[in-house]
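Geometric and topological summary
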Amino acid sequence: MSYLKAFIVGGIICAIAQILIDKTKLTSARVLVMYVVTGAILSGLGIYQKLVDFAGAGATIPLTGFGHSLVQGTLKAVKEQGIIGIFTGGFQAGAGGLGAAVVFGYLFGILFKPKTKP
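This report concerns the structure included in the present document.

Conventions adopted
- Residues numbered from 1 in each chain as written.
- Predicted model: local features only at pLDDT ≥ 70, side-chain atom pairs only at ≥ 80, totals over all residues.
- Heavy atoms only, no water.
- Phe/Tyr/Trp six-rings, centres within 6.5 Å; stacked < 30°, edge-to-face > 60°.
- Helix = DSSP H or I, 4+ residues; strand = E, 2+ residues; numbered from the N terminus.
- Expected span 1.5 Å × (residues − 1).
- Contact = heavy atoms within 4.5 Å.
- Axes fitted to C-alpha atoms, helices over the stretch in contact; angles between N-to-C directions.
- Parallel < 35°, antiparallel > 145°, perpendicular 65-115°, else oblique.

Here we take up the packing of aromatic side chains. All told, the structure shown has one aromatic pair when counted by the stated rule. When the ring of phenylalanine 108 is compared with that of phenylalanine 112, the centres are 5.7 Å apart and the planes differ by 15°; the resulting orientation is stacked.

Structure (structure tokens):
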């Protein structure tokens, strides 16, 4: 049942983004930024954690989950380190995902030849 919840919630989040890209004049970059900020705001208000508890990876994998991760990392670092945690918490929480994105992006750049669209 948890797989179904994750699939439905993650699918809805991604479908909303696709609709925003297709039906509005928003660029995909603006939608991505909007999703990260929305996840951060909902996390700060304590709302996004309830969605994570319900859907698991369906809520943590999309970009809204990245915003949630940044806020949770910052809150944890502030509790542990004080005011300096404001500056370090988000980096610590997002380091694994960002590091993986850089490594895999580099590997795919080496393995495949990108082509420009005509």
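For an α-helix, the turn length of 3.6 residues means that residues three or four places apart are oriented alike. For helix 5 (residues 63-81), spanning 19 residues, the distance from its first C-alpha to its last is 27 Å, which sits close to the expected 27 Å at 1.5 Å a residue. At its buried positions, helix 5 is contacted by helix 1 (2-23), helix 2 (28-44), helix 3 (48-55), helix 4 (57-60) and helix 6 (85-111). Immediately downstream of helix 5, the backbone of glycine 82 shows phi near 85°, a positive value.

This next bit is on the packing of helix 1 against helix 3. Between helix 1 and helix 3, whose axes approach to 8 Å, the crossing angle comes to 135°. Between helix 1 and helix 3, the angle is such that the two are oblique. Counted together, Lys5, Ala6, Val9 and Ile13 of helix 1 and Tyr48, Leu51, Phe54 and Ala55 of helix 3 form the full contact between these two elements.

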